[in-house]
Structures are given as C-alpha cells and as structure tokens.
Amino acid sequence: MSSVRLATTKVGTRKSDIHLTYKAPTMSSTTTTANTDTVILGAGIIGVSTAYYLSLSSSSEIHLIDPSPTLFWSASGFAGGFLARNWFAPEVSSLGALSFAEHARLASAHDGRRNWSYAPSTSLGYSAVAADKGVKKRGDDWLRSGTSRAEAAPELPVLSVEDLKKKTPAWLKRREGDDVEVIGGEGDAAQLEPERLCRFLLSEAEGRGVKVSQGAEAVEVLRDGPERVVSSVRLRDVKTGEEREVKCSRIIITAGCWSGHVWEKLFGATSPTVKRLPVTSLAGHSLVVKSPRWAGAVDGEGCHAVYTSHDVFCPEIFSRVGGQIYFAGLNSAAVPLPNVAEGSKVRSESMELVKQAARELLGSGDDEEDDLEVVREGLCFRPLTPWGLPIVARVPDEHLGGGIQTKPGAEGGVFLATGHGPWGISMSLGTGIVMSELVQGRPLSADISALGFEKVIGKAD
Ligand SMILES: Cc1cc2nc3c(=O)[nH]c(=O)nc-3n(C[C@H](O)[C@H](O)[C@H](O)COP(=O)(O)OP(=O)(O)OC[C@H]3O[C@@H](n4cnc5c(N)ncnc54)[C@H](O)[C@@H]3O)c2cc1C
C-alpha cells in the first residue's frame, strides 16, 4: 500500500467562497457559421459533466470521444461518491464549494435521490482501539494534506454520548474500547452513486445533441486556412482501425489518468516545453456489499461516511441510500494503468484483504461471521498531479509547439481538466461548469487561478 498526500484541508476556506451557486446562462445567440465545435477527449465524470454544462449554453457541436468500449469502467464508475463542501486546500476551495452546492441543486431539480442516490451524509472517524488522542492516526488523514484533526475539531460541536450513539450506524461493528467521533459539520457532506450520476449527465447531454463516439481515439490534430489553425481531429476506431475526421476548433482533454497518453499522442512530439504531462495514477480496490444491518436511508437521511484505520490500510466506508455499503481504501501506485479503462482487472489477493477488513468492520458478532453479500468488486485509478491539485486551464498555444495555433478567445483553444485525485466526483460538477465558461470566454463561477497550465511546465520531463 502506498499513500500520497493530496492538498486537501479545511484551512483556508473563505466564507465568501462557500455560497457560490450556478445559474445556467442563456444559450449563446451567436449567428456566425464559423467552426466553434468542441471535441472532448475522455468520457469519465469530468468529460460528461463538461459536455452537460457546455450543451446547456452552446449551440455549436459537441463530440465526446472515448476509446473504452464500455463507458464508466474507470474511477468515475467505481468511486465511492463521497462529496465534501469544505475539506479542500485554499487553491480548490472555491471550486469545491461551487461543486458541492451544484450537486445539491442538481439533485433537487432532477430527483437525484432516486436517480443517483444523492443524500446528505454524516462523517465519522472510527478507531477500533482507542489510542493516545494526541497521536492517533486517522483514516481520513491522507485526504487532508496531513493536517491533524486537532486543527479542525474546535469547529465541530461536542456531542453527548447519547447523541453520538444516535449518529453511529448500526452496520458498523463496535468493539470494547473503540472510539467514534464526528468529523464533518452538519450539511458539510453528501454522497451519491457516481456511475448513475454519470449516466444521467450523459443522457441529458445526448438529449441536447452531444455526439458520443465510443471505442474511438483521437490520433492527430488537423489544421486549415492561411493561419493553419486547429480545425479538426482525426479519430481512429480502436477495433477496426477505420479513420474519420471530426470538425472542431476546441479540444478539451478530460481523460483522467490517460490524459498524459492523449497529450503525448497529439502534442508531446511538437511541444517545446511539455513532452509528457505529469499526471500519474493511484489504483484503488473497492467492494460494494449488502448487510442485514443496513436497509437503506429513510427520506434520504441516515447515510454515513466512516473513515478508519486498519492493520494494513485505511478503509473508507459509505452507506448508500438504496441499501448498499461501499468499502474501499486499499490503494497502490504500483498497480500499472491498463491501456484501456475496461482492461482493469481486480487482483484477487488485494480483494481478499479488502473483504477481510470488511468482515472485521461490518461483520456480525465476535467471530466475524460473514453475512455480507458481495454486490460487486472493483479496481480503478485516480488521476494525480505531483502537486496534489487538478489542472483546469487553457493551454497557451506556444506550449503546443510545431506552429500549432488555435482560434483566439472564445472561438477555439486546447484545454485540460484532469488530475482531480481523490476528489473528482466531489469536484465534477464545478469543473464542468467552469470548463464550459472558460471555453466560451464567459465569467467564471469559481476561482481556478491556482489550477493553471504553468504548474505543468518542466514538471514531467
Ligand atoms: C477507489 C476510489 C474511490 C474514490 N472515491 C471518491 C469519492 O468518494 N469522492 C470523490 O470525489 N472522488 C473519489 N474518487 C476519485 C474520482 O473517482 C476521480 O477523481 C474521478 O473519477 C476522475 O474522473 P475523470 O473523468 O478525470 O477520469 P476517469 O473516470 O478515469 O475517466 C477518464 C476517461 O478517459 C478515457 N480515456 C482513456 N484513454 C483515452 C484516450 N486516449 N482518449 C480519450 N479518452 C480516453 C477512459 O476510458 C475514461 O473513460 C475515488 C477514486 C478511486 C480510485
């Protein structure tokens, strides 16, 4: 198991940042027949969210391209779906708050509870053995950039033993001498089923005319006119090798851990500054189970997120609205990224460790009797940057190299939205909103000034 420190902390959330909400702009009334079409490379949650919001406000064509024959066989399909309002570093606090508010708005507008199991959640830290409070290792520490709970604790109300008991889920096996504490404020967390949210966003986007090409990848950027500006991409069918061109003036790379592959294929050879993108992967195994002690949320209330530590790894456990429990936390940077998302194969020895921990923490009785029903097993990969923040930015033309130019301002450009690490589901809707605004040259709903392309330069070569 390996752990990485990602920039995620409560410190620095500004009050003015946390009430951001999104109002869909009116559809652009541009009458120009010029090509301002968009190709989005990668149909995980960041790609489909970008397509969803862009299709709300742009009348030009949008193409979503993904080489995987099955969509959402990636982190966006296998993630836990935990959403936080303010567990983030200052650089992403504005994006995180926008996203959290938008998750609530979208769920309320489209019956998110029924359609993608959206629900508020109570976050708990659990220690099977009460340790020295001063040095206790917590299961959620790696999400918080190494900050200790002691820093955050004063912000939370102190609960009576009775209240704490009420907030502790019946599906969590309690032991003599263990320790539970509430680690998130009221209204600061929620959860959902990521794949179902992805499918909702995709189907709405398709309903508004977004064209999806599965099993295809972009192999070349083509240019046209006296200025030789980007005018289309050449797509290749991964099975048949058949090629075709798709017109576009904007290219948005949203390929998660594979964003580096896309960059290398399209721009790596020509870029004078960035041959390789510094986006790596952190694999995670996960398990979805049913327990006789969790029948599902009543009126959307009663879901929990439990962060704990275990002999081998730090389990994250989420009870979902529909009666399932998601169990993950066994991560490794050593598991190689498959060429195609669909190629991810669960490793049986890792899965056995996850199941063993699930039995210990969720099983019934002292003998860890296994009355849990396995619904599905999963392996997927988080996209990471070395500095722990996503890249959400336009790539200045000079870094594309080879004389590649894009149309200026809102008419064209090459963009990146990747590297969301352990927070891509939480940040997804905010990222989709700001990407749609960025590419159209509209005012931005969140401050992404610290997520620019300049951090990339000189980092991976
Ligand atoms: C075990 C686990 C649990 C997690 N739990 C949570 C959680 O509770 N909350 C949270 O906020 N986040 C969570 N995350 C993180 C979150 O899942 C990711 O940050 C997020 O899904 C990344 O989305 P993405 O769209 O960038 O990438 P992905 O979902 O990986 O999608 C990338 C897409 O790009 C496609 N692609 C590959 N090659 C190409 C190519 N050449 N051209 C075009 N497309 C290509 C792939 O097929 C895939 O469809 C978790 C991650 C893991 C691993």
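Bear in mind the structure is a predicted one, so any value in this text is a computation, not a measurement.

The rules behind these values
- For every chain, the first residue of its written sequence is number 1, and the numbers climb from 1 along that sequence.
- With pLDDT at 70 or above as the cut-off, local features in this predicted model cover only qualifying residues; side-chain atom pairs require 80 or more to be listed or tallied, and sums for whole chains, interfaces and linings still use all residues.
- Just so you know, side-chain values use all the structure's heavy atoms and leave hydrogens and water out.
- Comment: elements are numbered from the N terminus, with helices defined as DSSP H or I runs of at least four residues and strands as E runs of at least two.
- Under the scheme applied here, a residue whose accessible area is under 20% of the maximum for its type counts as buried, over 50% as exposed, and between as partly exposed, the area being computed with a 1.4 Å probe on protein chains only.
- All accessible-area figures derive from a Shrake-Rupley calculation using a 1.4 Å probe, and residue coverage is judged against the displayed protein chains alone.
- We define proximity as follows: a residue is near a molecule or strand when any one of its heavy atoms falls within 4 Å of that partner.
- Under this definition, polar contacts are N or O atom pairs within 3.5 Å; protein pairs additionally need one hydrogen-donor-capable and one acceptor-capable atom, and for neighbouring residues in sequence, both atoms have to be side-chain atoms.
- Any two strands with at least two DSSP bridges between them are considered paired.
- In this analysis an axis means a line fitted to C-alpha atoms, helices contributing only their contacting stretch, and an angle means the value between N-to-C directions, from 0 to 180 degrees.
- Taking the helix axis as origin, the arc is that swept by the directions to the C-beta atoms.
- Between two residues, a contact is recorded if the distance between any of their heavy atoms is within 4.5 Å.
- A pair of aromatic rings is counted whenever rings of Phe, Tyr or Trp (Trp by its six-membered ring) have centres within 6.5 Å, and the orientation is called stacked for planes under 30 degrees apart, edge-to-face for over 60 and tilted otherwise.
- Think of it as a cone above the ring: NZ of Lys or CZ of Arg counts as a charge over the ring if it is within 6 Å of the ring centre and within 35 degrees of the ring normal.
- Left-handed describes a crossing in which the near helix is turned anticlockwise from the far one by less than a right angle; the clockwise case is right-handed.
- Residue type decides the class: Asp, Glu, Lys and Arg count as charged, Ala, Val, Leu, Ile, Met, Phe, Trp, Tyr, Cys and Pro as nonpolar, and the leftover types, Gly among them, as polar.
- One number per residue, pLDDT, summarises how confident the predictor is, and it ranges from 0 to 100.
- Buried residues of nine kinds, namely Ala, Val, Leu, Ile, Met, Phe, Trp, Tyr and Cys, make up a nonpolar core once their side-chain atoms join them within 4.5 Å.
- Salt bridge criterion: a side-chain nitrogen from Lys or Arg within 4 Å of a carboxyl oxygen from Asp or Glu.

Participant: Which parts of the structure should I look at to understand the overall build of the protein chain?
Facilitator: A count of helical and extended segments in the protein chain gives ten helices and 18 strands. Per-residue burial for the protein chain yields a buried fraction of 57% across its 461 residues. When the accessible surface of the protein chain is split by element, carbon and sulfur atoms take 51% of a total near 18,800 Å².

Participant: I tried to follow the site of the ligand on my own but got confused; where do I start?
Facilitator: Lining the immediate environment of the ligand, one finds 35 residues, of which D66, S74, S76, G421 and S426 sit closest. I46 is positioned such that a nitrogen or oxygen atom in its backbone is 3.1 Å from an oxygen atom of the ligand. Taken by itself the ligand offers 1,000 Å² of open surface, and the protein chains cover 97% of this. Within the residue set of the shell around the ligand, elements represented by two or more residues are α1 (45-57), β2 (62-66), α2 (75-78) and β16 (373-384).

Participant: Explain the sheet that holds strand β9 (residues 229-237) to me, please; I cannot follow it from the model alone.
Facilitator: Sheet strands line up and pair through hydrogen bonds in the backbone, either parallel or antiparallel. One open sheet accounts for three strands, arranged β8-β9-β10; its pairing is antiparallel. Of all strands in the sheet, those bounded by a partner on one side alone are β8 (216-224) and β10 (243-247). Taking the axes of each pair of neighbouring strands and ignoring which way they run, one obtains an average angle of 30° across the sheet. Summarising the sheet, β9 and β10 pair through five bridges and their orientation is antiparallel.

Participant: Which parts of the structure should I look at to understand helix α8 (residues 259-268)?
Facilitator: Three or four residues apart is the spacing at which side chains of an α-helix point the same way, because the helix has 3.6 residues per turn. In terms of burial, α8 is a largely internal element, seven of the ten residues being buried. Considered for burial, the residues of α8 that qualify are S259, G260, V262, W263, L266, F267 and G268. Angularly, the buried residues of α8 cover 165° about the axis, an arc narrow enough to put them on a single face. Those residues of α8 that are buried lie in contact with β1 (38-41), β8, β11 (250-253), β17 (391-395) and β18 (413-418).

Participant: Teacher, can you tell me more about the packing of aromatic side chains here?
Facilitator: Each aromatic ring pair is specified by the distance between its two centres and by the angle formed by the two planes. Throughout the structure, instances matching the rule amount to 15 aromatic pairs. With centroids separated by 5.7 Å and ring planes inclined at 80°, the aromatic side chains of W73 and F78 adopt a geometry described as edge-to-face. Note on W87 and W423: the rings are 6.2 Å apart at their centroids and 75° apart in plane angle, and the pair reads as edge-to-face. Note that W87 is positioned in the loop between β3 (82-84) and α3 (90-109) and W423 in the loop between β18 and α10 (428-439), a separation of 336 residues in sequence. Residue W87 shares its accessibility class with W423, and that shared class is buried. Taking the ring centre of Y52 as reference, the NZ or CZ of R208 above it sits at 4.8 Å.

Participant: What exactly am I supposed to notice about the packing of α1 against helix α7 (residues 194-207) here?
Facilitator: Helix-helix packing: each pair is described by the crossing angle between the helix axes and the interaxial distance. Axis separation between α1 and α7 bottoms out at 9 Å; the angle between their running directions is 35°. Seen from above, α1 lies across α7 with left-handed handedness. Between α1 and α7, the residues in contact are I45, V48, S49, A51, Y52 and S55 and L197, C198, F200, L201, L202, E204 and A205, respectively. Broken down by class, the residue content of the contact of α1 with α7 amounts to ten nonpolar, two polar and one charged.

Participant: Even after reading the chapter, I still don't get the confidence of the model for the protein chain, so can you show me in this structure?
Facilitator: Residues shown with low pLDDT carry predicted positions that ought not to be read at fine detail. Residue-level pLDDT values for the protein chain average 87, and 85% of them are 70 or greater. Confidence drops under pLDDT 50 across residues 131-142; counting only partners more than four residues distant or on other chains, this segment forms 30 contacts.

Participant: Got a minute to help me understand the sheet that holds β1 in this structure?
Facilitator: Across the sheet, which stays open at both edges, the six strands sit in the order β7-β2-β1-β11-β18-β17 with mixed pairing between neighbours. The sheet is open, and its two borders are formed by β7 (211-214) and β17, each paired with just one other strand. Within this sheet the neighbouring strands show an average axis-to-axis angle of 15°, counted without direction. Direction of pairing for β1 relative to β2: parallel, over a ladder of four bridges. Pairing of I40 across the sheet is with L64, part of β2. Where α1 meets the sheet, it contacts β1, β2, β11 and β18, and its direction lies at approximately 170° from that of β2.

Participant: Please explain unusual backbone geometry as it appears in this structure.
Facilitator: Generally, phi is negative for residues other than glycine and the peptide bonds are trans, each holding for most cases. Its identity as a non-glycine residue notwithstanding, F72 has a phi of 65°, on the positive side. Mapping F72 onto the fold places it in the loop between β2 and α2. In the Ramachandran plot, R228 falls in the positive-phi region, its phi being about 55° despite a non-glycine side chain. Its location among the elements puts R228 in the loop between β8 and β9. You can call R228 partly exposed: its relative accessible area is 43%.

Participant: Can you help me understand the nonpolar core in this one?
Facilitator: As a rule of thumb, nonpolar side chains are buried together in soluble globular proteins. Ranked by internal contacts, the top residues of the largest apolar core, which has 100 residues, are F82, L106, I251, W263, F267 and F453. Element by element, the count of residues in this core is highest for α1, at seven residues. Leaving out residues up to four positions away in the same chain, F453 has contacts with W263, V274, L277, A393, R394, V395, P396, H399 and L416. Residues V180, V289, V306 and L372 belong to the second largest nonpolar core, which totals 26 residues.

Participant: Help me understand the pattern of salt bridges in this model?
Facilitator: Pairing is possible between side chains that carry opposite charge, provided their charged atoms lie close to one another. This model, assessed by the stated rule, comprises 16 salt bridges. The closest approach of N and O atoms between E217 and K265, which form a salt bridge, is 3.7 Å. Separated by 48 residues along the polypeptide, E217 in strand β8 and K265 in helix α8 bring together distant segments of the chain. The partly exposed category is assigned to E217, whose relative accessible area is 28%. The class of K265 is partly exposed, set by a relative accessible area of 44%. Salt-bridge contacts for E245 lead to R234; the nearest nitrogen and oxygen are separated by 3.7 Å. Taken as a pair, E245 in strand β10 and R234 in strand β9 lie far apart in primary sequence, eleven residues in all.

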